[in-house]
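Reading the structure
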Amino acid sequence: MTTIGFVGLGVMGRPMAEHLAAAGHDVTGFSRGDASRSAARDAGLRVADSVAEAVTGAELVVTVLPDSPDVESVALGTDGILAHLADGADYIDLSTIRPETARDVATAFIEAGHGALDAPVSGGEAGAREGTLSVMVGGESSTLERWRSVLETFGASVVHVGPSGSGQVVKAANQLVVALHLQALAEAVVFLEAQGVDVETALSVIRKGLGGSTVLERKTDSVLADDFRAGFRSELHAKDLAIVEVASRTAGVGLPATGLVTQLLRSVVARGQGGSDHSALVELARSMNGGAGA
């Protein structure tokens, strides 16, 4: 059993914390939002009233936060995690943030004598609930091995991908692949509808062939039901693609298809659907062709 402080109890964080508690770990959670704290308490989790309370006495602190500034503030702020972390305790960030931020945060913890990993996850809300997330880990391999069993509580795949920041680079690549698959699904739906072919039947065939993907497996049913409640919010995916945009520009790499889908996701957000699931790209594709959602 490990004593774990878990900061960030939203759509992704709460089910991960629940898996850790169910596995027998001593978990104290904290979330900045009142609603998230209340939902976590209703789920049976022990919830602190501050970062300091969640972190004090923990052997490991885990964060799942929306963006780079959130991680910087919560991890390194005056009353943040590093200020209250016990000697010998380690830090793992599961958020999706800029690689350079991950490196800076890791450096601060390592210089203070703590292990630190950037370990963003993929698999969405369903993967978090099912405990089948893919975890891409940057940092020292020895730190990962110390906490591998903890990560495997909610991760079906836990892979060391390189030094600090590497997890975020791999996650950025993952996010561009997911976005392109979603746009392909959106355009396939619009094309099939325009041709008068039964979309459900057609996608059931495509899912079994070379055109199949985890995105199609996870998103087809909700798309067919016109259910765009957020499993992963469009505004967060647009944020992730902005990370790709900046990193690719810095590296001098041209990613034309990624650039296009980045603009399309920004259009989804501009239409007031930033809180909708990223599969709302389907509604945008319909509207661009004069269909439903125009």
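Up top you'll find the structure we're talking about.
Predicted, not measured: the structure shown is a model, and the values here were computed from it. (Residues numbered from 1 in each chain as written. Predicted model: local features only at pLDDT ≥ 70, side-chain atom pairs only at ≥ 80, totals over all residues. Heavy atoms only, no water.)

To continue, consider the layout of surface pockets. Counted as a void, the largest pocket has a volume near 1200 Å³. A total of six residues in the lining of the largest pocket trace back to one element, the largest contributor, which is helix 9 (residues 166-195). Within the lining of the largest pocket, the residues separate by chemical class into 18 nonpolar, 19 polar and 12 charged. The space that makes up the second largest pocket amounts to roughly 170 Å³. Contributing to the lining of the second largest pocket are Pro99, Gln168, Val169, Ala172, Ala173, Leu176, Ile243, Val244, Ala247, Ser248, Val253 and Leu255. Only helix 9 and helix 12 (234-251) provide two or more residues apiece to the lining of the second largest pocket. Here the lining of the second largest pocket takes five residues from helix 9, the largest share from any one element. (1 Å grid on protein atoms, 1.4 Å probe; cavity = no way out; pocket = protein on both sides within 12 Å on 5 of 7 lines; lining within 4 Å. Points joined across faces, edges and corners; volume = space filled by probe spheres on them. Helix = DSSP H or I, 4+ residues; strand = E, 2+ residues; numbered from the N terminus. Nonpolar A, V, L, I, M, F, W, Y, C, P; charged D, E, K, R; others polar.)

Quick look at the pattern of salt bridges now. Scanning all chains against the criterion turns up 20 salt bridges. Between Asp26 and Arg46 there is a salt bridge, and its shortest N-O distance comes to 2.7 Å. Of this pair, Asp26 sits in strand 2 (residues 26-30) while Arg46 sits in strand 3 (residues 46-47), placing them 20 residues apart in sequence. With relative accessibility at 23%, the residue Asp26 sits in the partly exposed group. A residue is classified by how much of its surface remains accessible, and Arg46, at 46% relative accessible area, is partly exposed. (Salt bridge = Lys/Arg side-chain N within 4 Å of Asp/Glu carboxyl O. Buried < 20%, exposed > 50% of the residue type's maximum accessible area, 1.4 Å probe, protein only.)

Glancing now at the packing of helix 4 (residues 68-76) against helix 6 (residues 99-111). Axis separation between helix 4 and helix 6 bottoms out at 10 Å; the angle between their running directions is 5°. Taken together, the axes of helix 4 and helix 6 are roughly parallel relative to one another. Residues Ser68, Val71, Glu72, Ala75 and Leu76 of helix 4 lie in contact with helix 6, whose contacting residues are Thr101, Val105, Ala108 and Phe109. Residue classes in the contact of helix 4 with helix 6 are distributed as six nonpolar, two polar and one charged. (Axes fitted to C-alpha atoms, helices over the stretch in contact; angles between N-to-C directions. Parallel < 35°, antiparallel > 145°, perpendicular 65-115°, else oblique. Contact = heavy atoms within 4.5 Å.)

This part is about the pairing of strand 5 (residues 90-93). Side chains Asp90 and Ile92 of strand 5 all project onto a buried face; the interleaved residues Tyr91 and Asp93 project onto the opposite face, where all are buried too. Alignment of strand 5 against strand 6 (residues 116-118), held across three bridges, turns out to be parallel. Paired with Ile92 across the two strands is Leu117, which belongs to strand 6. Regarding the hand of the β-α-β motif, the stretch spanning strand 5, helix 6 and strand 6 is right-handed. (Pairing = 2+ DSSP bridges. Right-handed = clockwise from strand over helix to strand, strands pointing away.)

Pairs of aromatic rings are described using the distance from one ring centre to the other and the angle between the two planes. If you walk through the whole model with that rule in mind, you get one aromatic pair. When the ring of Tyr91 is compared with that of Phe109, the centres are 4.5 Å apart and the planes differ by 20°; the resulting orientation is stacked. You can see Tyr91 sitting in strand 5 and its partner Phe109 sitting in helix 6, a full 18 residues away along the chain. Across this residue pair, the class does not change: Tyr91 and Phe109 are buried. (Phe/Tyr/Trp six-rings, centres within 6.5 Å; stacked < 30°, edge-to-face > 60°.)

Within the structure shown, the criterion is met by one cavity of 30 Å³ or more. One number sums up the size of the largest cavity: a volume of about 70 Å³. Every residue lining the largest cavity is listed: Val71, Tyr91, Asp93, Ile97, Ala102, Val105, Ala106, Ala116, Leu117 and Asp118. Breaking the lining of the largest cavity down by element, the ones donating at least two residues are strand 5, helix 6 and strand 6. A class-by-class count of the residues in the lining of the largest cavity yields eight nonpolar, no polar and two charged.

So, to be careful, I would describe these as geometric facts and stop short of saying anything about function.
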